[in-house]
Amino acid sequence: MGLSAAAPPWGAPGLLLTIALHLAIYPHPAQAWAPVHRDYCVLGAGPAGLQMAYFLQRAGRDYMVFERAPVPGSFFTRYPRHRKLISINKRYTGKTNAEFNLRHDWNSLLSHDPRLLFRHYSDAYYPDASDMVRYLSDFAERLGLHVLYNTTVAHVTVNKDRGAWNGHYFILTDHRGQAYQCSVLLVATGLSVPNRVDFPGSEYVDGYESVSVDPKDFEGQNVLILGRGNSAFETAENIFGVTNFIHMLSRSRVRLSWATHYVGDLRPLSLSLLTCTWGPRAINNGLLDTYQLKSLDGLLESDLTDLAIVKDHKGKFHITLKLFVEEFFNQSSDAIPLPQDNNDNFAMRVAYDRVIRCLGWKFDFSIFSKSLRLSSGSELSEKYPLVRASYESKGSRGLFILGTASHSVDYRKSAGGFIHGFRYTVRAVHRLLEQRHHSVAWPSTEHPITHLASAIIRRINEASGLYQMFSVLADVVLLKENATTFEYLEEFPMQMLAQLETITGRRARHGLFVINMEYGRNYSGPDKDVFFSDRSVGHMEDAWLSNFLHPVIYYYRHLPTEQEVRFRPAGWPLPRPSALHHVVEDFLTDWTAPVGHILPLRRFLENCLDTDLRSFYAESCFLFALTHQKLPPFCQQGYLRTQGLVGTESLRQHGVESGLLWDSATMGQHQGASDQQPGDHGPGGHSLAPGPPVSPFNSNKEEL
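First, a word on what this report is: a plain description of the structure on this page. Source: prediction; values computed, not measured. (Residues numbered from 1 in each chain as written. Predicted model: local features only at pLDDT ≥ 70, side-chain atom pairs only at ≥ 80, totals over all residues. Heavy atoms only, no water.)

## Quick notes on the overall build of the protein chain
Definition in use: Strands are runs of DSSP state E lasting at least 2 residues, helices are runs of H or I lasting at least 4, and numbering of each runs from the N terminus. Each residue is assigned to one of three classes by its accessible area relative to the maximum for its type, calculated with a 1.4 Å probe on protein chains only: buried under 20%, partly exposed between the two thresholds, exposed over 50%. Should any heavy atoms of two residues lie within 4.5 Å, those residues are considered in contact. Throughout, the Shrake-Rupley method with a 1.4 Å probe supplies accessible areas, and for residues the shown protein chains are the sole cover considered.
For the protein chain, the count of helices and strands is 21 helices and 22 strands. The buried share of the protein chain, reckoned over its 704 residues, is 50%. Residue pairs in contact within the protein chain that sit at least 24 positions apart in sequence constitute 65% of those at least 6 positions apart. For the protein chain, the accessible area works out to roughly 34300 Å², and carbon and sulfur atoms hold 52% of it.

Structure representation (structure tokens):
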């Protein structure tokens, strides 16, 4: 029977037509919200997230960056509150070497584009935070990074799957309910949750994240600041000129970065230059001046959990003890005892108009399922996620923590919580992932053994990763069979040395050297006098006593085991080596002195390898071949393969003038022509006259 024209559309045939149209226009929910797969998911488009995105894109990997804000680097749109960064922007070093200049550029990310150096975005030594926002936006746009903006990841969990790279997929769900399936999860969300201390009266406290930044709001007030980090001093610096006084309270003493060599501590401006004036001033610590110069402001130490804040009927705040509040719980605030009732010399007996909390930040664990086991509940893991020295989560394989949030690996030791440090740890993580999932071995270069000393000298004088991530990232030299050649690997995580072969895809079967940068073991610390009179070490014999940052080379005949790394001597970054060499510290951080730096290093390498690493003219190699059973590597690899430096008249004359060769003509006058034998001529037709290379040395300069 045909369909009647008068039949309503919701009748049986009309209903089927309506349902068909609905399914065509509105897909089934299971089809619309099916998980989108990505091999790599990066949470956060801050500096660390963008840095990882750059490496993934250059490698041609499938990835996506998720950013909740409409722009990258959203943290810097609001923080620091007073807009001045404490990361230095040193635009001039007197050098043209790009790698060396990165040692003193604390804001740039790594890329192949020279336009994306921060020096092009600000002239200020301490830049404005808005310049960082602009820089990160350009970095993402110019490099075409894949960033999904305005997307808040609300929940992260795992879904076990034997076919996945790591035995499971990470499932991310955004604020719209869209799910994403990721083989590897790279978390670069930074530290975004303000630290709070729960004590009676904490509800009266203003937070750093919301307190007014207008100094007029604090005119003529008594202010108490809780905390003693850079945010506390930044806040004090903004208002101490208009307040009656500022008191700063913390459980620990103030730590200055020039004493601890930790960039997260208080950063003095002039003291970073070892003071150019009689009265050192600071970028954020003017309060220290006013405290020490008796101008009402002051610093106090106490555990905040033992204190309480009481608000009186006038709206003023008083500091008392927590036990008093608990004892008089049901009493009015005016009835609660104050410490000055029994001790009229109590330091904080004055009333305060404002109390400001500046206690720093911690990681946001709220979006992560407990099955990921990112936190153990310890004090440090409440601030940072639990990660290994490879920056991989201890609880979930394939989950890596990048950037500021990964700082637990080198907390208070190195620069891993800051751009100039984590740009290199991010690169190390990427290299690990390339080997693990794509069989791309850790980048290396191979050289003849005679180039070993020069390769090390070049790196310790130029490399920024070694310099900034001292005692965390190290270069590794892998010796080949019979020590005729070597492989050079850059910036490997030192604490993962036992797993080097697995992580890098390289073999360490014939011994290795590890090149690290270190401070003297007893030099730094908040209670140390780093300006003591005999702090400088200048003689190579005392190199092991060097205090300032200097290169240290470890030699191992065999790759250390995990147990040896774990139970290494206290204070050592690595297990005790077969041999150890300190390159003496240098005031200019320029380790190129022929006698003071290069010669001791070469002697150390030669002793470890039981060989001679010098270069020789053909005449010397010829004489060695006649008089020695074992030739130096240079002669083996060069002269015997007709690749050595063949003697010519110009080379001979240069050698004579520089004192490296004897003048054969002068020697002939003393010896007489009759002493000359028919076969005693070098390849250039000149008498064999090797000087210092085959004779005892009267000085270090002769040996060079």
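## What about the state of the cysteines?
The criterion, for reference: By definition, disulfides here are pairs of cysteine sulfur atoms that lie within 2.5 Å.
Scanning the model with the defined rule gives 2 disulfides in all. Disulfide pairing places cysteine 41 opposite cysteine 182 at an S-S distance of 2.0 Å. Residues cysteine 41 and cysteine 182 are joined by a disulfide whose S-S torsion is about -80°; by sign, that bridge is left-handed. Here cysteine 41, found in strand β1 (residues 36–43), pairs with cysteine 182, found in strand β6 (residues 179–187); they are 141 residues apart in sequence, far enough to count as distant. Two residues, cysteine 621 and cysteine 635, share a disulfide whose sulfurs are 2.0 Å apart. Here the disulfide of cysteine 621 and cysteine 635 is left-handed, its torsion about the S-S bond being about -80°. Here cysteine 621 is found in helix α17 (residues 618–627), whereas its partner cysteine 635 is found in helix α18 (residues 633–637), with 14 residues between them in sequence. You'll find cysteine 621 and cysteine 635 in the same group, each marked buried. Described in terms of the sequence order of its bonded cysteines, the disulfide pattern of the protein chain is 1-2, 3-4.

## Here's the deal with the environment of leucine 300
Structurally, the position occupied by leucine 300 is in strand β11 (residues 298–301). Remark: the alpha-carbon pair of leucine 300 and arginine 251, spanning 49 residues in sequence, is separated by 8.2 Å. In this view, leucine 300 contacts Arg228, His247, Met248, Leu249, Ser250, Ala347 and Met348; residues no more than four positions away in its chain are not counted.

## Notes on the packing of helix α3 (residues 47–58) against helix α11 (residues 419–438)
The line we're drawing: Lines are fitted to the C-alpha atoms to define the axes, a helix being fitted only along its stretch in contact, and any angle between axes, read from their N-to-C directions, falls within 0 to 180 degrees. The sense of a crossing depends on the near helix, which, turned anticlockwise from the far helix by less than a right angle, makes the crossing left-handed and, turned clockwise, makes it right-handed. Ten residue types, Ala, Val, Leu, Ile, Met, Phe, Trp, Tyr, Cys and Pro, are classed as nonpolar, four, Asp, Glu, Lys and Arg, as charged, and the remainder, Gly among them, as polar.
The N-to-C vectors of α3 and α11 enclose an angle of 35°; their axes lie 9 Å apart at closest approach. When the axes of α3 and α11 are compared, the crossing they make is right-handed. Residues Pro47, Ala48, Gln51, Met52, Phe55 and Leu56 of α3 lie in contact with α11, whose contacting residues are Ile419, Phe422, Arg423, Val426, Arg427, Val429 and His430. Split into classes, the residues belonging to the contact of α3 with α11 amount to 9 nonpolar, 2 polar and 2 charged.

## Section: the sheet that holds strand β17 (residues 444–448)
As a reminder, the rule being used: Here, any two strands with at least 2 DSSP bridges between them count as paired.
Here 6 strands make up an open sheet; going across it, the order is β17-β19-β18-β20-β21-β22 and the pairing antiparallel. A single partner strand is all that each edge strand has here, and the edge strands are β17 and β22 (579–582). On average, adjacent strands in this sheet sit at an angle of 20° to one another, irrespective of strand direction. Here strand β20 (residues 512–518) runs beside strand β21 (residues 550–556); their pairing, made up of 7 bridges, is antiparallel. Counted as the bridge partner of glutamate 518 is histidine 550 from β21. Its contacts with the sheet put helix α12 (residues 452–462) on β17, β18 (473–479), β19 (485–493), β20 and β21, and the angle it makes with β19 is roughly 20°.

## Quick look at the sheet that holds strand β8 (residues 206–207)
A sheet is described by the order of its strands in space; here 5 strands give the open sequence β8-β14-β9-β10-β11, paired in parallel fashion. At either margin of the open sheet sits one strand with a lone partner, and together these are β8 and β11. Sheet contacts for helix α6 (residues 230–239): β9 (222–226), β10 (245–250), β11 and β14 (354–357); angle to β10, the most-contacted strand, approximately 175°.

## A short note on the side chain of serine 546
Note on placement: serine 546 falls in the loop between β20 and β21. On the accessibility criterion, serine 546 (2% relative accessible area) is buried. Look past the residues within four positions of serine 546 in its chain and what remains in contact with it is Gly520, Val537, Val583, Val584 and Glu585.

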